[in-house]
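Remarks on the overall topology
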Amino acid sequence: MAAASRISSLLSRSLLSKGRICGVGRSVVCSYTTAAALEKPITPSINVNYTKLLINGNFVDSASGKTFPTYDPRTGDVIAHVAEGDAEDINRAVSAARKAFDEGPWPKMTAYERSRVLFRFADLIDQHTEELATLETWDNGKPYEQAAKIELPMISRLIRYYAGWADKIHGLTVPADSPHLVQTIHEPIGVAGQIIPWNFPLLMFAWKVGPALACGNTVVIKTAEQTPLSALSAAKLLHEAGLPPGVLNVVSGFGPTAGAALATHMQVDKLAFTGSTETGKIVLELAAKSNLKPVTLELGGKSPFIVCKDADVDKAVELAHFALFFNQGQCCCAGSRTYVHESVYDEFLEKAKARALKRSVGDPFVPGIEQGPQIDSEQFEKIMRYIRSGVESGATLETGGERIGDKGFYIQPTVFSNVKEDMLIAKDEIFGPVQSILKFKDINEVIRRANTTSYGLAAGVFTQDIDTANTLTRALKVGTVWINCYDVFDAAIPFGGYKMSGQGREKGIHCLSNYLQVKAVVTPLKDPAWI
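The structure contained in this document is the topic of the report that follows. (Residues numbered from 1 in each chain as written. Predicted model: local features only at pLDDT ≥ 70, side-chain atom pairs only at ≥ 80, totals over all residues. Heavy atoms only, no water.)

Re the pattern of salt bridges
Once their charged atoms are close, side chains differing in charge can pair, the charge on each being opposite to the other. What the rule picks out here adds up to 23 salt bridges. Put simply, D167 and K168 hold a salt bridge, and the shortest N to O gap is 2.9 Å. Each of E318, R355, R359 and E370 takes part in a single network of salt bridges with overlapping partners. (Salt bridge = Lys/Arg side-chain N within 4 Å of Asp/Glu carboxyl O.)

Right under this line is the structure:
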């Protein structure tokens, strides 16, 4: 199956399996009214093998000797204690990456040899899918089926995509107005600092590391403190694939210490960050105040999902549900503002409410579960505050809005109607399972309202009219417009935002420019036969 269709295929797969008994001997949680956390959670069948920092090809303790716990969001229990990197560890990692770039074999290796390492890495990812997906689910809370059958295949596909690009990065011969031979050469930028988020830990690891390594750079990557485990295991596989020591260094730690040290480091040549817009501003400022290193940012969103009057309502409801609730709503491009034409609004609302009530919530290791817990207590409380804000501001709480169980971080799938643009639930990025449904009258109105936001990451358009689709596609100020689909990701499709949703692009050919310098070489031509 093509990578682009894997996430969307969740729409048609039979994941609900209401009321059946799983092979592990536990009943699937049929709806969010069941206290999912009351059942004993499944114990993962793997060991956590890598909890130290990876610097210069070796797993090492932090310089301070400190560790921090990483938690199981199903229960709040500690999974493991992980080495806590800080400024000194970032210094060690950057020094290793600097030496590997300036003296080591990676940038001097032929592009073909670099591609072979990346291809071997992709093969190893496929061979270790169960282990990596289990770590991802255990540490993050996303459904195992999503991690194993959707995300891991996308990761290995993306690594192969950039492995294929490694020996196809070409310069140009430029015609000059004078007798000179002019060439452009694309060179790796140097040491790339990368900071990844907790909502898609492995996928963001691949989005960052794949193009950086393909271009010949070395990397220091800081993982999110909530989800450090899967990146360490993936990095171990990269070294098994033949990556030289020092080329990829992984530091687990916190933003104000390790993250800030990486952003301000004078020996880091480029910085890439994925996370909230608020933190992105800080990262950009720190980079500017250091060595003015170039920064790419993939930040927050408040993406409109527009259901036009000619829409097939049943399909629109399912797609809008998927666009919002996928990954527990913890998705930067979630369709979190659902605009519905007034002629189909009432029908859509009733069906959207019914769909939310049918959503299966529970232990993400149970087959058939659509929604696991939120990442941690902080995010859980933030979402609950937004739900309370929605009620207090006058929106109608159609369903949900409460905690599930008394252990872990499960939230009922929540639907609000009668939402207005000035409400916090319509303006702020909630990053949780909260659907806000707004009514509109005509296309010009919805364009204006959809664009009245500081974000511009993505949008969904649901219509059968090609003229309407074309109008909205060009009018919406966003980096991606999905027409009659949503969350279609492919290694070749660029992803990024307008306005405060970031700068630069991830994935595709456009991402390569983030990790390359362009050098012009000019040589005189003596008595040329032609210019």
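What to know about unusual backbone geometry
Notably, L292 is not glycine yet its phi reads approximately 55°, a positive angle. Structurally, L292 is set in the loop between helix 8 (277-289) and strand 11 (295-298). For L292, a relative accessible area of 66% corresponds to the exposed category. In this structure, D527 is a non-glycine residue whose phi angle is positive, near 50°. (Helix = DSSP H or I, 4+ residues; strand = E, 2+ residues; numbered from the N terminus. Buried < 20%, exposed > 50% of the residue type's maximum accessible area, 1.4 Å probe, protein only.)

Points about the packing of helix 13 (residues 443-451) against helix 14 (residues 466-475)
Packing of helix 13 against helix 14 leaves a shortest axis separation of 10 Å and a crossing angle of 25°. Relative to helix 14, the element helix 13 is oriented roughly parallel. Crossing hand, helix 13 versus helix 14: right-handed. Residues I443, V446, I447 and N451 of helix 13 touch helix 14, and the partners they reach there are T468, T471, L472 and A475. Taken together, the residues of the contact of helix 13 with helix 14 sort by class into five nonpolar, three polar and no charged. (Axes fitted to C-alpha atoms, helices over the stretch in contact; angles between N-to-C directions. Parallel < 35°, antiparallel > 145°, perpendicular 65-115°, else oblique. Left-handed = near helix turned anticlockwise from the far one by under 90°. Contact = heavy atoms within 4.5 Å. Nonpolar A, V, L, I, M, F, W, Y, C, P; charged D, E, K, R; others polar.)

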